Amino acid sequence: MRINTNAASLNAQESATNTNNNLRSSLEKLSSGLRINKASDDASGLAIADKLRTQASSIGQAISNGNSATALTQIADKAMAEQSNILDIVKQKLIQAATATTSEEGRTAIGKDINKLLTQLDNIATQTNYNGISLLQASAASTDSSIKLDFQMGESSGNLISLGSGITANTHGLDGMSALKASALGGASFSAGVARGYMKNVDSALNQLNGWRSDVGSTQNQLESALRNMMTQQTNIKAAESVIRDVDYASESANFNKQNIIAQAGTYAMSQANAVQQNVLKLLQ
């Protein structure tokens, strides 16, 4: 029996230290809600969880991009819908001007009305934009065709959905509408025959407009499909990250209770190891 080195007490202290470390780790997990609070908790798991978190946040930004792009296509579509209404009215005015029962003064008034309507059609093309990006022509100052728009709809550079270029929804781009706009102010020269001559042009302009609206609508459908898919992906990725990173409270609370009991038992063991050494005194009596 030795006094200088109490091996039993040292063993009990070592076990108690390890148990207290486990107890602190368990409390950290319970308080933070995370199974991995530092790399030493699970180095490989941390690497996987961080990669999943980056993937989920990237898809989240792509979802925001998609919502913005959908809003853009809706703006373009509604603007062209109003332009289509204008062309419908212009066609009605031309039919009214083409009949013999309309007087020359009446045709002059109709011509002014048509000119105003087509001016508003140009105004819509000039004013329709999303965040300063013109949608129905090249820019507010240019009546050329619109540019191609690429929407980033995923975490890699190739995940693009595009709205094609070529929309020129103004009197310069719609068949014969620029000439009709000028001819409508011709007064007596805006005759019934002239009105009849522009009817086919209005039909052609409507076909052009409907073609562009169809492209915009198809792009919107594609965007909405991509959004639904990305939202499902993000949910599943976050769930996968949660399995790795988040603590299971049922399991961890059971572990904490176990470590707490072991810590109490360790304290009792240390006290008993110290008490055993007192037996040496009996040999010295």
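Computed from a prediction, not measured in an experiment: that's the story for all the values here. (Residues numbered from 1 in each chain as written. Predicted model: local features only at pLDDT ≥ 70, side-chain atom pairs only at ≥ 80, totals over all residues. Heavy atoms only, no water.)

A. Highlighting the overall build of the protein. Per the secondary structure count, the protein includes seven helices and four strands. Reading the protein from its N terminus to its C terminus gives the helix and strand order α-α-α-β-β-β-β-α-α-α-α. Here the protein has a C-alpha radius of gyration of 39 Å; the compact-globule value for 285 residues is 19 Å, and the former is much larger. Structurally, the protein occupies a C-alpha span of about 140 × 30 × 25 Å along its principal axes. Going through the 285 residues of the protein one by one, you find that 36% of them count as buried. Carbon and sulfur atoms provide 51% of the accessible area of the protein, an area that totals close to 15,600 Å². Put simply, the protein has 23 plus and 23 minus side-chain charges, and the middle of one group is 5 Å from the middle of the other. (Helix = DSSP H or I, 4+ residues; strand = E, 2+ residues; numbered from the N terminus. Rg over C-alpha atoms; globule rule 2.2 N^0.38 Å. Buried < 20%, exposed > 50% of the residue type's maximum accessible area, 1.4 Å probe, protein only. Areas by Shrake-Rupley, 256 points an atom, 1.4 Å probe, with all protein chains shown as cover. Lys, Arg positive; Asp, Glu negative; His and termini not counted. Charge placed at Lys NZ, Arg CZ, Asp CG, Glu CD.)

B. Here's a closer look at the packing of helix 2 (residues 43-98) against helix 5 (residues 192-245). Close contact between helix 2 and helix 5 brings their axes to 7 Å; oriented N to C, the two are set at 165 degrees. Classified by the angle between their axes, helix 2 and helix 5 sit roughly antiparallel to one another. The chirality of how helix 2 crosses helix 5 is left-handed. Each residue belonging to the contact of helix 2 with helix 5 can be placed in one class, and the counts come to 35 nonpolar, 15 polar and 12 charged. (Axes fitted to C-alpha atoms, helices over the stretch in contact; angles between N-to-C directions. Parallel < 35°, antiparallel > 145°, perpendicular 65-115°, else oblique. Left-handed = near helix turned anticlockwise from the far one by under 90°. Nonpolar A, V, L, I, M, F, W, Y, C, P; charged D, E, K, R; others polar.)

C. Fine view of the nonpolar core. In this structure, Leu87, Val90, Leu94, Ile114, Leu136 and Leu180 are the most contacted members of the largest nonpolar core, which totals 54 residues. Among the elements that take part in this core, helix 2 stands out by supplying 17 residues, more than any other. With residues up to four places along the chain from it excluded, the contact list for Leu87 reads Leu118, Leu121, Leu174, Met177, Val202, Ala205, Leu206 and Leu209. (Core = buried A, V, L, I, M, F, W, Y, C linked by side-chain atoms within 4.5 Å. Contact = heavy atoms within 4.5 Å.)

D. Spatial organisation of the pairing of strand 3 (residues 149-152). By the alternation rule, side chains of strand 3 split into Leu149 and Phe151, which are all buried, and Asp150 and Gln152, of which none is buried. In this structure, strand 3 lies alongside strand 4 (residues 160-163), joined through four bridges in antiparallel fashion. Along strand 4, the bridge assignment pairs Asp150 with Ser162. (Pairing = 2+ DSSP bridges.)

E. Broad picture of the environment of Ser142. Counting through the fold element by element, Ser142 comes out in the loop between strand 2 (133-134) and strand 3. A distance of 3.3 Å separates a polar side-chain atom of Ser142 from the backbone nitrogen of Asp144. (Polar contact = N/O pair within 3.5 Å; in protein donor to acceptor, adjacent residues only side chain to side chain.)

F. Representation of the packing of helix 2 against helix 3 (residues 104-127) in the model. Their axes nearest at 10 Å, the elements helix 2 and helix 3 cross at an angle of 165 degrees. One way to sum up the angle between helix 2 and helix 3 is to call them roughly antiparallel. Our pair here, helix 2 against helix 3, has a crossing hand that is left-handed. Residue-level contacts link Ala79, Glu82, Gln83, Ile86, Leu87, Ile89, Val90, Lys93, Leu94, Gln96 and Ala97 of helix 2 to Arg107, Ile110, Asp113, Ile114, Leu117, Leu118, Gln120, Leu121, Ile124 and Ala125 of helix 3. Across the contact of helix 2 with helix 3, the residue classes tally to 14 nonpolar, three polar and four charged.

G. Structural context of helix 3. Taking 1.5 Å of rise per residue, the 24 residues of helix 3 would be expected to cover 34 Å, and the 35 Å separating its terminal C-alpha atoms lies within 8% of that figure. Along helix 3, the positions that sit buried rather than exposed are Arg107, Ile110, Gly111, Ile114, Asn115, Leu117, Leu118, Leu121, Asp122, Ile124 and Ala125. Buried residues along helix 3 sit in contact with helix 2, helix 4 (177-183) and helix 5. (Expected span 1.5 Å × (residues − 1).)

H. Structural detail: the pattern of salt bridges. By the definition in use, this model includes nine salt bridges. Among the salt bridges present, the one from Arg53 reaches Asp50, with a minimum N-O distance of 3.1 Å. Here Arg53 and its partner Asp50 are both found in helix 2, three residues apart, which amounts to about one turn of the helix. Here Asp50 falls in the partly exposed class, since its relative accessible area comes to 25%. Arg245 is the salt-bridge partner of Glu241, the closest N and O atoms lying 2.8 Å from each other. Separated by four residues within a single helix, Glu241 and Arg245 lie in helix 5, roughly one turn from each other. We note that Glu241, like Arg245, is buried. (Salt bridge = Lys/Arg side-chain N within 4 Å of Asp/Glu carboxyl O.)

I. Representation of unusual backbone geometry. Of note, the phi angle at Asn131 is positive, near 55 degrees, even though the residue is not glycine. The residue Asn131 is located in the loop between strand 1 (129-130) and strand 2 in this model. Its relative accessible area of 70% is what places Asn131 among the exposed residues.

J. Local environment of the environment of Gln208. Position of Gln208 among the secondary structure elements: in helix 5. Separated by 35 residues in the primary sequence, Gln208 and Gly173 have C-alpha atoms spaced 9.1 Å apart. Discounting chain neighbours no more than four positions away, the residues touching Gln208 are Gly173, Leu174 and Asp175.

Read these as geometric descriptors, not functional statements.
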